[in-house]
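# Working through the structure, step by step
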Amino acid sequence: MNTTRPRRSLARRALVALAGVAIAVTTLSGCLYAAIPPETAATPAPSRQPDLDGIPAGFESFYTQSLDWTPCSGTDAGSYDCTTVTAPLDWSDPGAGSLELAVIRRAATNGDAIGSLLTNPGGPGASGYDLIAQSASFAVGTALSDVYDVIGFDPRGVGRSTAVRCFDAKAMDAYLFDIPADPRGSDGWTAELTHRNKDFVAACEQNSGGILPFITTDNAARDMDLLRGVLGDAKLNYLGYSYGTFLGATYAKLFPERVGRLVLDGAIDPSVSGLDVGTTQAVGFESALRAYMADCLAGRGCPFTGSVDDAMADLGALLASVDKTPLKATDGRMLGADSLMTGIIAALYSQDSWSNLTQALSDALSGDPDMAFLLADFYYNRTDGTYGDNSTEAFRAYNCMDYPLDTSQADQDAATARIEQQAPTIAPYWQGVDVCEVWPYPPTGVRERITADGAAPIVVVGTTNDPATPYEWSVSLAAQLSSGVLVTREGEGHTGYNKGNACVDTAVEAYLVSGTVPQDGLTCTS
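Residues numbered from 1 in each chain as written. Predicted model: local features only at pLDDT ≥ 70, side-chain atom pairs only at ≥ 80, totals over all residues. Heavy atoms only, no water.

### Brief notes about the packing of aromatic side chains
All told, the structure shown has 15 aromatic pairs when counted by the stated rule. Seen in terms of ring centroids, F167 and F200 are 5.5 Å apart; in terms of plane orientation they differ by 75°. Their pairing is edge-to-face. You can see F167 sitting in the loop between β6 (149-153) and α7 (169-177) and its partner F200 sitting in helix α8 (residues 187-207), a full 33 residues away along the chain. A relative accessible area of 21% means that F167 is categorised as partly exposed. (Phe/Tyr/Trp six-rings, centres within 6.5 Å; stacked < 30°, edge-to-face > 60°. Helix = DSSP H or I, 4+ residues; strand = E, 2+ residues; numbered from the N terminus. Buried < 20%, exposed > 50% of the residue type's maximum accessible area, 1.4 Å probe, protein only.)

Structure, rendered in structure tokens:
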């Protein structure tokens, strides 16, 4: 256990925000569930023979395993079947044991699939199984589901796969929502948050069955090659969102010769540190918040008046007010600035949620925190006091293993100064105590440029005012990749494909369906 004095982390809230693509999925696709009737008869996807080319020595039994597919259900129309794939616990030691990966497959609608299309919704920690089971049409769109067997899977440590387990719901509520007794930034505040982190980490270690040191993106990318092989695909076709871009880029780094058609939407720059991730995201969310505020002021029912600067100052005053005097919700929880900020962040992932944010802020100004808590609960996938998945636990497990703790105090000070200057509304509530400081295993990940020399073209989609994965990261990743192709969506919100922009959708679908590579630098206006 790391016993060094805890430091405050600027990446804490920022990295949590990467899980938010799951929020966007629910927000944008919830209305589709009742609108699309279930299909009563369909043909399951054909099982192909495993692809055995280039199996790593010692892992033959994993690649040659037989899969037991059973019918299962999905919300959208189509034929679904599910299976469990056995993967090695440690990809450096085939004898170290195994874990299970939960997989769902939606058969190609036209009945003659050109192959499998693996998907990942982000996180780390979001459920790819649920993405396809609950919202396949949002995840991939009709053009792709017509011709691909669409694959959703829970990466190691996540959801239905062998999962990271930490707190029960009551303890998780206390961990996420309880307000420290001492003032923000004081020694007592730091000590209380450190104590909470230690309790959380101890629970994760006790309840996760020894998997914590193996919950890494590198291992998850190797798992993805195993899925490719057992599904019978010679090349990996893949659509990854948000954190899923880092997973896809890591795959391309490890297996460039097995890259088929990859689309990485809402990219993370693999070369930047966790500190830089947090700093850049703070600035991105401030920018998105200002865009929201301009829209609010131009419409009806906005609780703010004056200029955008005036409104941001009033919002800052609201945050300071609930930080000093929290508001009691109907369920007894107290809304402080941290939970209100979580609700704000949740709503900034999609313009479709801006009206919910307006209601939450209006209510909070009137002393009612219930809508703000609804947004925060949405962020954590919490309903009526229960959590629908383990995304919070898995998120922390991945990031503590993936991001080196190697930033200097000077770097921390410079990041703090940048956030205070460029994100003044968010800045007071962005910094916390880093749970990774007390994680029981040292990080094994590296932050480096990924070139994936020899890979087929990899399409990177970036949205110009994406708050969670700022546009500059997509530009950087596309430039790093030897075969990177950048597609730009001008607009708001997180990620670009299947968001109503025909230009982006056409470019992505033409590549994934027929292999037509978009023009590098293609810009799609809103």
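Read on for the rest.
### What to know about the sheet that holds strand β4 (residues 98-106)
Read across the open sheet, the 10 strands follow the order β2-β3-β4-β6-β5-β7-β8-β14-β15-β16; overall the sheet is mixed. Either end of the sheet is taken by a strand with one partner, and the two such strands are β2 (70-72) and β16 (522-524). Ignoring strand direction, the axes of neighbouring strands in this sheet form an average angle of 25°. Of the pairings in the sheet, the one linking strand β7 (residues 236-241) to strand β8 (residues 259-265) comprises five bridges and is parallel in character. Bridge assignment links L236 to a residue of β8, and that residue is V259. Taken strand by strand, helix α19 (residues 502-514) contacts β5 (116-120), β7, β8, β14 (458-465), β15 (484-492) and β16, and its axis lies near 160° from that of β8. (Pairing = 2+ DSSP bridges. Axes fitted to C-alpha atoms, helices over the stretch in contact; angles between N-to-C directions. Contact = heavy atoms within 4.5 Å.)

### Considering the state of the cysteines
Applying the stated criterion across every chain yields a total of five disulfides. Note on cysteine connectivity: C72 is disulfide-linked to C82, with sulfurs 2.0 Å apart. Note on the C72 and C82 pair: the S-S dihedral is about 80°, so by sign convention the disulfide is right-handed. With C72 in strand β2 and C82 in strand β3 (residues 80-88), this residue pair connects regions lying 10 residues apart in the sequence. Between C400 and C436 runs a disulfide, and the two sulfur atoms are separated by 2.1 Å. Measuring the twist about the S-S bond at about -90°, one finds the C400-C436 disulfide to be left-handed. Residue C400 is found in helix α16 (residues 391-402), and its partner C436 is found in the loop between β13 (432-433) and β14; the two are separated by 36 residues along the sequence. Numbered in order of appearance, the disulfide-bonded cysteines of the protein chain are paired 1-2, 3-4, 5-6, 7-8, 9-10. (Disulfide = S-S within 2.5 Å.)

### So, the pattern of salt bridges
Charged atoms that come close allow side chains of opposite charge to pair. Applying the stated criterion across every chain, the model contains 17 salt bridges. For the salt bridge of R258 with D225, the shortest nitrogen-to-oxygen distance reads 2.5 Å. Taken together, the residues span a long stretch of sequence, with R258 in the loop between α10 (243-254) and β8 and D225 in helix α9 (residues 217-231) at a distance of 33 residues. One exposure class covers both R258 and D225, and it is buried. Each of D51, D225, R228, E257 and R258 takes part in a single network of salt bridges with overlapping partners. (Salt bridge = Lys/Arg side-chain N within 4 Å of Asp/Glu carboxyl O.)

### Considering the pairing of β6
Within β6, five of the five residues are buried, which leaves the element mostly enclosed by the surrounding structure. Note that β4 and β6 share four bridges and pair antiparallel. Directly across from R106, in β6, lies its bridge partner V150. Bridge analysis of β5 against β6 gives four bridges, and the strand direction is parallel. Counterpart to T119 in the pairing with β6 is G152.

### Side note on a negative patch on the surface
A cluster of acidic residues, D276, D406, D411 and D413, forms a negative patch at the surface. By the element assignment, D276 lies in helix α11 (residues 274-298). (Patch = residues over 30% accessible without salt bridge, like charges linked within 9 Å, V, L, I, M, F, W, Y side chains within 5 Å. Areas by Shrake-Rupley, 256 points an atom, 1.4 Å probe, with all protein chains shown as cover. Lys, Arg positive; Asp, Glu negative; His and termini not counted. Charge placed at Lys NZ, Arg CZ, Asp CG, Glu CD.)

### Concerning α16
A rise of 1.5 Å per residue sets the reference length of α16, with its 12 residues, at 16 Å; its end C-alpha atoms lie 16 Å apart and thus fit the reference within 8%. The element α16 is largely enclosed, with a buried count of 12 among its 12 residues. By the burial criterion, the buried members of α16 are S391, T392, E393, A394, F395, R396, A397, Y398, N399, C400, M401 and D402. (Expected span 1.5 Å × (residues − 1).)

### Observations concerning the environment of L89
Within the secondary structure, L89 sits in the loop between β3 and β4. In this structure the C-alpha to C-alpha distance between L89 and N219, which are 130 residues apart in sequence, comes to 8.6 Å. L89 has contacts with A96, G97, S98, L99, R156, I211 and F214, leaving out every residue within four places of it along the chain.

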